[in-house]
Amino acid sequence: MPDRQTRSVVPKEASKPRLLVLTSTFPRWRNDPEPPFVHELSRRLVEPFEITILAPRAPGSLERETMDGLRVVRFPYFIRRWENLATHGGGILNRLRKNRWNYLLVPLFLLGQSWALIRLLRRERFDVIHAHWLIPQGLVAVVARWLSRRPIPLVCTSHGGDLFGLRGGLMRALKRRVMNASARVTVVSAAMRDEVLSMGIAPEQVEIIPMGVDLRHRFTPDPRIKRGEYALLFVGRLVEKKGLHLLLQALPRVLANYPGTRLTIAGDGPLEPELRRLIDTLDIREQVDFLGMVSQSELPDLYRRATLFVAPFVVAENGDQEGLGLVLVEAAGCGCPLICGGVAAVKDVIEDGETGVLVKPGDGTALSEAIIDLLADPDRQRQLVATNARQHCLRAFDWTSIAERYATMLSEVAAHRAPL
């Protein structure tokens, strides 16, 4: 249930620089299973910054509250019970694919966020804006800065879907306009930086800073928990680029070799009905467990009990693909061996044969063979984990280092005024 105990007050002037974070994904209440990365980053920046979060309202959420030292302002854009464009179901792009009537909400969403941002910029002083996703938040920030005549430096972070999934000349031009108007652009993987540079953005303007994972306190090994023998785990939104359909299609062949294999699926999304029909067609209902959305507090034990974590990422028909794949880092942090579809971005996490196993994206035969081979070789399972997978992730993805890098970069940007 929503946590309705805390409410916000407008913060007083402080000596700390004021950071305004724009996002379409943010917890609606405490312990919300929605992806938490914007919240996790922002709450780790409350010491160097005074932070306001501008996020969309959703059924059950408060319009204003204080959460972990963050002042949260949620903007309305339609009748409250139908304000679900940005929550559940795999994000905005997948909500649109699931139901074309959701396109009617897009202009209302853009107007609602723009108006809320303009009002904030006119009423209060901010030193830097951090927009998560080039579109819509980056675009909204560029327009609102111009309309409000507030030359506030802008940092835009692309998470993957906005960069890879929004195709066409107009979308490409808008993304380029947003990035050129930004003091700094951050991306979460080397593959994404290559894509940004291919659009003509200056290299010195682009920085790779992934989102992080709490690898010191939450996503850790626990020797007291016994790992399963033939337990496969998938965690993620049920959308095309996650490739769950490929794993389901590979499962009968795995079961022919290891009849005791079970697949646990943690997540939901617009493809769930289609995937359930596929399970029935393949006659594997008894071997598959759907858990639905799982909170961050519940995830570590799932990783600790799984024999293998399988992330069969693919490139979607519209070109969308993973920007990084933090579930891989979470699983590695808990000591779970990894098998993954080898889209470009995941190579920042997995070195094939050293810290996990990569298979050709979309190749169901290669995926089933990789699972069978690794289930047959417990020593190799341990070797993959033992070859510094966790240590690599600690160095590259732990929130401590990620937050420090963002704090340094945002402080540098806040010290300069960006031209409109």
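Below you will find a few notes about this structure. This is a predicted model, so every value here is computed, not measured.

Points about the overall build of the protein chain
When you go through the protein chain residue by residue, the secondary structure sums to 15 helices and 14 strands. Over its C-alpha trace the protein chain gives a radius of gyration of 21 Å, about what one expects of a compact globule, namely 22 Å for 420 residues. Based on the C-alpha atoms only, the size of the protein chain along its principal axes is roughly 65 × 45 × 45 Å. Of all 420 residues assigned to the protein chain, the portion counted as buried reaches 57%. For the protein chain, the share of sequence-separated contacts (at least 6 apart) that also reach a separation of at least 24 residues comes to 74%. Split by element, the accessible area of the protein chain, about 17800 Å² in all, is 52% carbon and sulfur. Charged side chains of the protein chain number 56 positive and 47 negative; the gap between the two group centres comes to 8 Å.

Structural notes on the sheet that holds strand E10 (residues 262-266)
Taken in spatial order, the 6 strands of this open sheet run E11-E10-E9-E12-E13-E14, and their pairing is parallel. Because the sheet does not close on itself, it has two edges, and the strands there are strand E11 (288-292) and strand E14 (357-359). When the angles between neighbouring strand axes are averaged without regard to direction, this sheet yields 20 degrees. The pairing of strand E12 (residues 308-311) with strand E13 (residues 338-341) spans 3 bridges and is classified as parallel. Residue pairing for E13: Phe309 is matched across the bridge by Leu338.

A short note on the packing of helix H3 (residues 105-123) against helix H4 (residues 134-148)
Remark: H3 packs on H4, axes separated minimally by 9 Å, with the N-to-C direction vectors making an angle of 45 degrees. In terms of axis orientation, H3 runs oblique to H4. H3 and H4 meet at a crossing whose hand is right-handed. Of the residues in H4, those in contact with Phe109, Leu110, Gln113, Ser114, Leu117, Ile118, Leu121 and Arg122 of H3 are Pro136, Gln137, Val140, Ala141, Ala144, Arg145, Leu147 and Ser148. For the contact of H3 with H4, the residue count by class is 10 nonpolar, 4 polar and 2 charged.

Side note on unusual backbone geometry
Backbone geometry follows two general trends: most residues other than glycine have a negative phi, and most peptide bonds adopt the trans configuration. Look at the link from Ile135 to Pro136: it is a cis peptide, with omega at 10 degrees. Here Pro136 is to be found in helix H4. The phi dihedral of Asp68 is positive, around 55 degrees, even though this residue is not glycine. Secondary-structure assignment places Asp68 in the loop between strand E3 (64-67) and strand E4 (70-75). The class of Asp68 is partly exposed, set by a relative accessible area of 34%. Unusually for a residue other than glycine, Trp133 sits at a positive phi of about 85 degrees. Here Trp133 lies in the loop between strand E5 (128-132) and H4.

Points about the sheet that holds E3
Think of a sheet as strands paired side by side through backbone hydrogen bonds, with each pair either parallel or antiparallel. Spatially, the 8 strands line up as an open sheet ordered E3-E4-E2-E1-E5-E6-E7-E8, and their pairing is mixed. Since the sheet does not close on itself, it has two edges, and those belong to E3 and strand E8 (206-208), each with one partner. Strand-to-strand twist of the sheet, defined as the mean angle between neighbouring strand axes without regard to direction, takes the value 25 degrees. With 4 bridges joining them, E3 and E4 adopt antiparallel strand pairing.

Examining the nonpolar core
In this structure, Leu20, Leu54, Leu117, Tyr303, Phe309, Leu328 and Leu410 are the most contacted members of the largest nonpolar core, which totals 100 residues. Apart from residues no more than four positions distant in its own chain, Tyr303 is found in contact with Phe219, Arg227, Leu233, Val235, Phe309, Val327, Glu330, Ala331, Cys334 and Cys336. By size, the runner-up hydrophobic cluster in this structure holds 33 residues, among which are Leu248, Leu275, Phe290 and Val357.

So, how was this worked out
Residues numbered from 1 in each chain as written. Predicted model: local features only at pLDDT ≥ 70, side-chain atom pairs only at ≥ 80, totals over all residues. Heavy atoms only, no water. Helix = DSSP H or I, 4+ residues; strand = E, 2+ residues; numbered from the N terminus. Rg over C-alpha atoms; globule rule 2.2 N^0.38 Å. Buried < 20%, exposed > 50% of the residue type's maximum accessible area, 1.4 Å probe, protein only. Contact = heavy atoms within 4.5 Å. Areas by Shrake-Rupley, 256 points an atom, 1.4 Å probe, with all protein chains shown as cover. Lys, Arg positive; Asp, Glu negative; His and termini not counted. Charge placed at Lys NZ, Arg CZ, Asp CG, Glu CD. Pairing = 2+ DSSP bridges. Axes fitted to C-alpha atoms, helices over the stretch in contact; angles between N-to-C directions. Parallel < 35°, antiparallel > 145°, perpendicular 65-115°, else oblique. Left-handed = near helix turned anticlockwise from the far one by under 90°. Nonpolar A, V, L, I, M, F, W, Y, C, P; charged D, E, K, R; others polar. Core = buried A, V, L, I, M, F, W, Y, C linked by side-chain atoms within 4.5 Å.

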